[in-house]
Structure formats: structure tokens, C-alpha cells
Amino acid sequence: MGFLDAIPWDLLLIQTINGVVTGMILALVASGLTLIFGIMDVVNFAHGEFLMLGAYIAVLTLVATHSFWIALIVAALGTALIGAIIYLTTLRPLLGRDPLTTILATFGLSLVLQNYALWQFGPVARKIPEPFSGSIQLFYLNYPLYRLMIAALSAAIIGGFWLFLKYGTWGIWIRATTQDRIMAQAMGIPVPWVLTGVFAIGSAMAGASGVLFGPLVGVDHAMGFDWILRAFIVVVVGGMGSLGGSVLAAIFISLLEAYASLWVSPAQAGIVSFVVLIMTLLFRPTGLFVATPK
Amino acid sequence: MRDRQPIIFWTGFAVILTLLIIAPLMLPAFWGRFVTEILIWGLLAMSSDLLIGYTGMVSFGHSAFFGLGMYGAAFALLATRPPNLWLALFAGLVAAAAIAAFVAYFSTRLRDIYFAITTLIFSQIFYIVIFTWTELTGGENGLTFSRPALAIPGLFSLRFTPRTLHWFVLAIVILSYLLLRRITHSPFGMVLQSIRENEARTRAIGYPIERYKILAVMLSGLFAGLAGVLYAFQNEFAAPNFVFFVLSGEVVIYNVIGGIGTLVGPVVGAAFFLLLREELSRFFTEYYLIPVGLMFIAMVIFMPQGLLGFARRWLNR
């Protein structure tokens, strides 16, 4: 079978693992975005900046404590707090106005946060060391275990969050508010707190993904932008506001990009996700991974 | 009283036009050039106002139209010897229009935020293509070319000085303003505004909304491309930075600061923003976006009508 021999199976397998790893991080970023959008119609342009802030908080905490895990937790809590403050000061007043105003406000926010980080930390990328350096033998290359752990951790965070939405009191409040804000209010759910909480949780998820991804690329002020665009694509492809759809779309797109980068440069591989987006818009604008709306 | 308002409007128009005409004679070279740039960015902002202010669609992809106009002109200027002004203008407009048609076809299937995100992503596609296609576009380094002469074959040929370039830009921007004003006042423009106010009802009345929207995006892209061509003439340089989405964001900022749905407002917004940047960058160097961003957020919250919002009705009469 000369045809089958021509396919580089080992490369394909490695790229599959790579795709799943980036896909899980992307899913973590996108689920925060889709959650915030689904519940309050806010398109958070600054979501990538929370990822960046989380990574920087981790860098600072690491200097003080030398523990990756403490840094991860501090970063998540820190971004949650920043998210809550930002929500209360800039987005709360826009509630009930045209959703487009929120995209403008968060765009301004993104400019401010990005340039603040540039001002505070300078243009040189900071490093987060990997928490452990083991690797497994994969054909001819040593695949770092940390990458696999990122995927597992992201999956754990998303899974935990899903359980929380399904069974936790707050989770149920969140889902109720997503369905019908006014009715939820009438049932005695503290809607303003739920909204603030959701924004904080979404920010924390972005912050955590920044910390997890930090060791792979280095931390700089512009790291959020790459992710936010892909996360937007994922959210549209997966179906706006659908958590499961976003996760599937994230893995799907990352896998495609990973395979594409076997043949073209990574920058050009990014175009694959754009093509997926265009196809989705053409043939199934409600999203690939959601049930057909009746 | 009503009859006198057009007189006031056109008097104001004439006064501002006169000021703009004599500006390069009065101002030092740096500020003269600054005014020319404001006019070009103002045209870009005006083109985007056709969508944001009149049709109710926020485009985050205007950098693509602007950039394609710029690169289209650049290719034409590099391909012909001696460089021909009108050919460059034509090539830029065709490039921008082609891209605008493409983007319009896909993005108008979506509304509100989805439209904004899709246009943003489209502009990013073109950014990546231009950035990575080094053989054609020069990649990160961009393309450098020389300014063509203002010439009509067989009649005259005139080398551009900063002053004549300013007047050339001014003439095109003013013509575009009058054209855009005419468009927004036409029955077509009325339908666009009706889409902004109530899309479902406009559809129910029987207007083919999709076609109107596609046409609006294409027109807007065409004027944005025109701004790109002018900027290419002014700067003698085309770079991928001008296709990057941050430019689109700035265009939206111009609109919001100046006041959407006024056509003049976005130009004022551009002038205000650029002046602010000029002044603030003395204190904050490259971090001027921090105070500008904070101010922008405050304006979105407290002054969504923009600087000229109070005159919106009057300017559209």
C-alpha cells in the first residue's frame, strides 16, 4: 500500500496531540467568552486582556512564592476581582443599552489594559517556568508532559464549571438568568450579583488559561489578542452562548490548524480557522455544534 | 425659521471650506500636513459612519477596505512608468470595491455584534495575507513608491507640493462628503435609516434588506478605499499596519467621539482624536492610548451621542 506509506502517521499523531492541547486552552478562553455573552449580551473585547493580566499576575506571584500552583490560584482570583471591578464600573451602566455599546466600551478597556501592561512591564516577554519538566517518548521526540497536563487541567476546569452550572445553586441561578432575566429576578434570584459573578468567573477562566499557556509562549502585553480573535471564531462556529458547542468547536478548529501547519507556516495555518468561519456563516450561521433551532 | 436653516448650514459649510482652503497658506508645514491627514482620516471615518450611524451596523473591518485601497494604488504606481495618478486611483477603488463586495456578501448575513466580529475577522484575514505574501506586498516592510504627478494627458502636468496635495485631498474629501450627504438623503439612504430604526418592520414593508445592506457595505468600503488611496499619495508608503484591526477600532472611536449619524461628526472626532494624540504623546509618549482609552470609555457611558450629537438632526436636514 504505497498510498498509506506516503502519509506521515507519526507527524499526524503528534499534530493531533498538539491540536487537542491548544484546543483545550482555546476552549477555556472561549467558554468564558461565551458564558459572558450568553448571559448578558456583552461581547467582551477585553477578554484576551484578562488572559494577559492573569499571566502577569502569575509572573509576579512566582517571583514571590516560587510555586506554580499558588500562582495559578492567585492569578485566577486576581483576574476575577479585576473582572468584577471592571464590570461594576464600566459595564453595569451600559446594561439595557444597545449591545453594541458594550463592544465599544470593552474595546476601549482592551486598549487601556494592553497599554498599561506595556507601560508597567515593558515590551520584553516574561517567562513562566514549567511546573515540571518530565516528558514522554513519542516516536523520535520527547513530548513534554506539561503540555498534556495543560489539556487535562483545562478539561478539569471546564468539566468542574459544567458541573457547577448543572448542580450548584449559583450555577442554577446563572442558567435561570440566561434564560429569562426578568423572570429570574421575579423568582428572587439576585440578578445583579449573578451578572457580576459571571463576569468574574469568565475573567478568572481567561486568567487561568493565561497562566497555563504562559510557559509555552512567554508572557507579553499582546498575548491576549491572538487568543481573543480565535476565541471569537470559536464562539461563532460553536454557536453563540453554547458552552458545549464552544468546546467542540475549539478542539475542531485547533486540530484543523495543527494539521494545516504540517504543510504551511503557522501564520498561514491560522487562515484555516477563518475559512471554517466563512463556511459556517454560509451554511449554518447558527453554529456547527448546536442543535438546529426550531 | 425652517427656511433659513439651509442657509445657515451652507454658510457654515462655506466658512469651514474657506478655512480649510487657506489652511496650508497660514499654518506651518507640520500642521499643514496634519490638517491634510485629518481630512483623510475624516473621510475614512465618514465612510464608516454610513454603516454605523445610518444603517446601524458597526464595522470593525474598515482597515481592510482602507488598506486594500492603499495597496491597490501602490501596485498601480509601481507597475506603471511614469506613475499615473488616475490609474492608481482607479486600481485602489477597484481593489477596495472587490474586497468590500466579498466581505459584504458574507458579513451582512449577520446582525449587530455578529456583524462587527465578522468584519473584524475578515480584516484580519487580509492582514495575514498581506503580511505573509512577501513577494507581492513586501510583507512587514511594506511598499515604497513615489507620488505621481497631477496630470491630465495632453493638457497639463503638475508636480504635487504639500499645498497642492492638500487642495487635491480637500477637493476629493469635500466631494465625497457631498456625495455621502446626498446618498443619506436619497430614498436609498432613507431605507438604510429605516433598517437602523426597525429592521423587521422594514422587511415587512417589502424592502429586500439584504441587498440594501450589501450595497451599504460596498459603498462604505468604496469611500474607505478612496481614503486609503489618498493616504498612499500622502505617505508614499503602504504597510500592513494600516490593515491591522487597531485602525478599524480607531475609526470606530472617531465615530463615537464625534457623534455617529452626522457625517461631519466623525471628521470632528478624527480631528479631536489626532490632536489629543499629538498633545498627549508629549506627556505619555507611546502610552497615550491609556488616557485616550479611558476617555473613550467615559464617552461611551456618559456621552453616547458624541461631540456633535446635539446637532445630529440639524446636520441631516
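Residues numbered from 1 in each chain as written. Chains lettered and ligands numbered in written order. Predicted model: local features only at pLDDT ≥ 70, side-chain atom pairs only at ≥ 80, totals over all residues.

## With respect to the overall build of chain A
Threshold: Only DSSP runs of H or I covering at least 4 residues are called helices, and only runs of E covering at least 2 are called strands; the numbering of each starts at the N terminus. Throughout, radius of gyration means the C-alpha value; the globule benchmark is 2.2 Å times the number of residues raised to the power 0.38. To sort residues by burial, count the other C-beta atoms lying within 10 Å of each one's C-beta; a count of 20 or more means buried, 12 or fewer means exposed, and anything in between means partly exposed. C-beta atoms are built from the backbone. Contact criterion: two residues are in contact if their C-beta atoms, reconstructed from the backbone, are within 7 Å.
Helix and strand counts for chain A come out as 12 helices and 2 strands. Scaling as 2.2 N^0.38, a compact globule of 294 residues should have a C-alpha radius of gyration of about 19 Å, and chain A matches this with 19 Å. For chain A, the spread of C-alpha atoms along the principal axes amounts to about 65 × 55 × 35 Å. Expressed as a percentage of the 294 residues in chain A, the buried residues total 48%. Restricting to contacts in chain A with at least 6 residues of sequence separation, those with at least 24 account for 75%.

## Structural notes on the overall build of chain B
A tally of helices and strands in chain B yields 14 helices and 4 strands. Since a compact globule built from 317 residues should have a radius of gyration of about 20 Å, the 19 Å found for chain B is in line with a globular shape. Considered along the principal axes of its C-alpha atoms, chain B spans approximately 55 × 50 × 45 Å. Sequence-distant contacts in chain B: of pairs separated by 6 or more residues, those separated by 24 or more amount to 76%.

## Structural notes on the pairing of strand S1 (residues 135-138) of chain A
Residue and element names in this part refer to chain A. Put simply, the rule reads: Pairs of strands are assigned from DSSP output, requiring at least two bridges between the strands.
Sheet analysis places S1 next to strand S2 (residues 141-144), joined by 4 bridges and oriented antiparallel. Within the sheet, the bridge partner assigned to Gln 137 lies in S2 and is Asn 142. Here S1 hands over to S2 after 2 residues, with Phe 139 in that stretch at a positive phi of 50°.

## Description of the environment of Ala 76 of chain B
All names here are of chain B. Positionally, Ala 76 belongs in helix H3 (residues 62-79). It is 8.0 Å that separates the C-alpha atoms of Ala 76 and Gly 92, two residues lying 16 residues apart in sequence. Not counting the four nearest positions on each side in its chain, Ala 76 is found in contact with Leu 87, Ala 88 and Ala 91.

## Notes on the environment of Leu 288 of chain A
Residues and elements named next belong to chain A. Summarising the element assignment, Leu 288 is placed in the segment after helix H12 (266-283). With 18 C-beta atoms packed within 10 Å, Leu 288 lands in the partly exposed category. Measuring from C-alpha to C-alpha, the distance between Leu 288 and Gln 137 comes to 36 Å, with 151 residues separating the pair along the chain.

## Section: the interface of chain B and chain A
The figure often quoted for interface size is the accessible area lost as the parts come together. At the interface, 28 residues of chain B touch 34 residues of chain A. Sorting the residues of the side of chain B that touches chain A by element identifies helix H5 (112-132), helix H11 (245-258) and helix H13 (289-302) of chain B as the ones contributing at least two each. Per-element accounting of the side of chain B that touches chain A gives the leading share, 11 residues, to H5 of chain B.

## A short note on the packing of helix H3 (residues 47-65) of chain A against helix H10 (residues 223-238) of chain A
Residue and element names in this part refer to chain A. Applied cut-off: Only the contacting stretch of a helix is used when fitting its axis, a line to C-alpha atoms as for every element, and angles between N-to-C directions run 0 to 180 degrees. An angle counts as roughly parallel when it lies under 35 degrees, as roughly antiparallel when it exceeds 145, as roughly perpendicular when it falls between 65 and 115, and as oblique in every other case. Helix crossings fall into two classes, left-handed where the near helix is turned counterclockwise from the far one by less than a right angle and right-handed where it is turned clockwise. Lys, Arg, Asp and Glu make up the charged group, whereas Ala, Val, Leu, Ile, Met, Phe, Trp, Tyr, Cys and Pro make up the nonpolar group; the residues left over, Gly among them, are polar.
Interhelical geometry of H3 versus H10 gives an angle of 140° and a closest axis separation of 7 Å. The angle between the axes of H3 and H10 places the two elements in the oblique class. The two elements H3 and H10 cross, and the hand of that crossing is right-handed. Contacts between H3 and H10 pair His 47, Gly 48, Glu 49, Leu 51, Met 52 and Ala 55 from the former with Met 223, Gly 224, Phe 225, Trp 227, Ile 228 and Ala 231 from the latter. Split into classes, the residues belonging to the contact of H3 with H10 amount to 8 nonpolar, 3 polar and 1 charged.

## Thoughts on the packing of helix H11 (residues 243-260) of chain A against H12 of chain A
All names here are of chain A. Where H11 contacts H12, the axes come no closer than 8 Å and their chain directions differ by 140°. Between H11 and H12, the angle falls in the class oblique. H12 is crossed by H11, and the crossing has right-handed handedness. Contacts from Ile 253, Leu 256, Glu 257 and Ala 260 of H11 reach H12 at Ala 269, Gly 270, Val 272, Ser 273 and Val 276. A class-by-class count of the residues in the contact of H11 with H12 yields 6 nonpolar, 2 polar and 1 charged.

## Some points on helix H9 (residues 191-217) of chain A
Residues and elements named next belong to chain A. Note the threshold: Working rule for helices: expected span equals 1.5 Å times residues minus one. We define the bend at any residue as the angle between the axes fitted to the seven residues before and including it, ending there, and the seven starting there.
Here H9 is 27 residues long and its end C-alpha atoms lie 38 Å apart, about the 39 Å a rise of 1.5 Å per residue gives. Largest kink in H9: about 30°, centred on Val 211, with the proline Pro 215 one to four residues after it. Of the residues trailing H9, Gly 218 is marked for its positive phi of about 90°.

## Digging into the confidence of the model for chain B
Residue and element names in this part refer to chain B. Heads up, the condition is: The predictor attaches a confidence to each residue, and that confidence, scored 0 to 100, is pLDDT.
Overall, the prediction assigns chain B a mean pLDDT of 84, with 97% of residues at 70 or greater. For chain B, the element scoring lowest by mean pLDDT is strand S2 (residues 150-152), at 70; helix H10 (residues 209-235) scores highest, at 90. The complex model carries a pTM of 0.83, and its ipTM stands at 0.81.

## What about unusual backbone geometry?
Residue and element names in this part refer to chain B. Non-glycine residue Glu 236 carries a positive phi angle of around 55°. Here Glu 236 is to be found in the loop between H10 and strand S4 (237-238). We classify Glu 236 as partly exposed; it has 14 C-beta atoms within 10 Å. For Leu 263, which is not a glycine, the phi torsion comes out positive at approximately 65°. Note that Leu 263 resides in the loop between H11 and helix H12 (264-284).

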